[in-house]
Amino acid sequence: MNEQQMLSGQTMEGDLRGDLARIAQWVRPNSRVLDLGCGDGVLLAHLQQSKNVQGVGVEISDDRVLSCVQRGVHVIQQNLEDGLAMFDDQQFDTVVLSQTLQSMHHTEHILREMGRVAREGIVSFPNFGYWPHGWSILRGRMPVTGQMPYDWYNTPNIHLCTLKDFERLANTLQFTILERATFNDQHEVKMFAGWRSTLAAYRFTAR
């Protein structure tokens, strides 16, 4: 992808991270999408170009907000911990929270807000149940892997969970899980996903 394509928001699905590519497949054409913690805007730029979505991103980083603007993505600069009060009930068709859930202080609150502002929610997060993590803990060390590349003292990840942990929370919040996809690096994992996958993505709706 050349610089001109990046600035115009033209991205190919093959350029997307594995979970973002699956998320893009889950989003309906011509729909309204809210991307929380949208980073540099690559997902929304792709959706605008390939599916004609009306997208809005929320991001706190100055540099990433600038990248969104350069890609032609409408972005609001705000800390997600402040909530989503600026958005109305069911204002969007889909709300996305990609690889940000584990760094949120108020996990239940942001998930409930996702269920309020959109008909469907999509989240992706590192799977703490990945088997090398358990082996690392047995050896007396906190795990450091490609999906969680931080030491215990400088990690932004404060609420790590397994697939079953998330599914249990989703049930508590009265969410219906519509689809799940699990990955190890860029490869999708089908069997024994609970301990073979490094990353999970879920599509859900509030009951």
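Scroll up a little and you will see the structure.
Caption draft 1: Structural context of the overall build of the protein. The secondary structure content of the protein amounts to 8 helices and 8 strands. Burial analysis of the protein (207 residues in total) assigns 46% to the buried set. Counting contacts in the protein only where the partners sit at least 6 residues apart, residues at least 24 apart contribute 64% of the total. For the protein, the computed accessible surface area is about 10900 Å², with 49% contributed by carbon and sulfur atoms.

Caption draft 2: Quick peek at the environment of H74. Assignment of secondary structure puts H74 in the loop between α4 (62-70) and β3 (75-77). Classification of H74 as partly exposed rests on a relative accessible area of 48%. Residues contacting H74, with those up to four places away along its chain left out, are Q48, G55, V56 and G57.

Caption draft 3: The arrangement of the nonpolar core in detail. By size, the foremost hydrophobic cluster in this structure holds 30 residues, and its most contacted members are L34, L36, L111, V123, F125 and F166. Elements with a minimum of two residues in this core: β1 (32-36), β2 (54-59), β4 (92-98), α5 (107-117), β5 (118-126), α7 (163-172) and β8 (199-206). Here this core gets 4 residues from one element, more than from any other, and that element is α5. Those residues in contact with L34 that lie beyond four places of it in its chain are V56, V58, F87, F92, T94, V95, V96 and V117. Counting residues in each nonpolar core, the second largest holds 24 residues, with C38, L44, V53 and F183 among its members.

Caption draft 4: Structural detail: the pairing of β1. Summarising burial for β1: 4 of the 5 residues are buried, a large majority. Direction of pairing for β1 relative to β2: parallel, over a ladder of 5 bridges. By the bridge assignment for β2, D35 is matched with G57. In this region the chain leaves β1, passes through helix α3 (residues 42-51) and returns to the parallel neighbour β2; the handedness of that crossover is right-handed.

Caption draft 5: Highlighting the sheet that holds β1. As summarised here, the arrangement of the 8 strands in space is β3-β2-β1-β4-β5-β8-β6-β7, forming an open sheet in which the pairing is mixed. Among the strands making up the open sheet, the edge pair consists of β3 and β7 (187-188). The pairing of β5 with β8 spans 6 bridges and is antiparallel. Looking at β8, one finds that P126 is bridged to L199.

Caption draft 6: Expanded view of the pattern of salt bridges. Evaluation of the coordinates by the stated rule reveals 13 salt bridges. Between D93 and R32 there is a salt bridge whose closest N-O contact spans 3.3 Å. Here the residue D93 occupies a position in strand β4, and R32 occupies one in strand β1, the gap between them amounting to 61 residues. One connected set of salt bridges, linked through shared partners, spans R28, E120, E179 and R203.

Caption draft 7: Examining a nonpolar patch on the surface more closely. Nonpolar side chains collect at one region of the surface, where M191, F192 and W195 lie side by side and expose about 370 Å² of accessible area between them. Relative to the elements of secondary structure, W195 occurs in helix α8 (residues 193-196). For W195, a relative accessible area of 44% translates into the label partly exposed.

Caption draft 8: Looking closely at the pairing of strand β6 (residues 175-184). When β6 meets β8, the two strands line up antiparallel, connected through 8 bridges. Counterpart to T182 in the pairing with β8 is A200. Relative to β7, β6 runs antiparallel, the two being bridged by 2 bridges. For F183, the partnering residue across the bridge sits in β7 and is E188. The hairpin formed by β6 and β7 contains 2 residues between the paired strands, and D185 there has a positive phi angle of roughly 60°.

Caption draft 9: A look at the packing of aromatic side chains. Within the structure shown, the criterion is met by 6 aromatic pairs. Their ring planes at 45° and their centres at 5.2 Å tell us that F125 and F166 sit as a pair that is tilted. Residue F125 is located in strand β5, and its partner F166 is located in helix α7; the two are separated by 41 residues in the primary sequence. Judged by relative accessible area, which is 1%, F166 ranks as buried.

Calculation notes
Residues numbered from 1 in each chain as written. Predicted model: local features only at pLDDT ≥ 70, side-chain atom pairs only at ≥ 80, totals over all residues. Heavy atoms only, no water. Helix = DSSP H or I, 4+ residues; strand = E, 2+ residues; numbered from the N terminus. Buried < 20%, exposed > 50% of the residue type's maximum accessible area, 1.4 Å probe, protein only. Contact = heavy atoms within 4.5 Å. Areas by Shrake-Rupley, 256 points an atom, 1.4 Å probe, with all protein chains shown as cover. Core = buried A, V, L, I, M, F, W, Y, C linked by side-chain atoms within 4.5 Å. Pairing = 2+ DSSP bridges. Right-handed = clockwise from strand over helix to strand, strands pointing away. Salt bridge = Lys/Arg side-chain N within 4 Å of Asp/Glu carboxyl O. Patch = residues over 30% accessible without salt bridge, like charges linked within 9 Å, V, L, I, M, F, W, Y side chains within 5 Å. Phe/Tyr/Trp six-rings, centres within 6.5 Å; stacked < 30°, edge-to-face > 60°.

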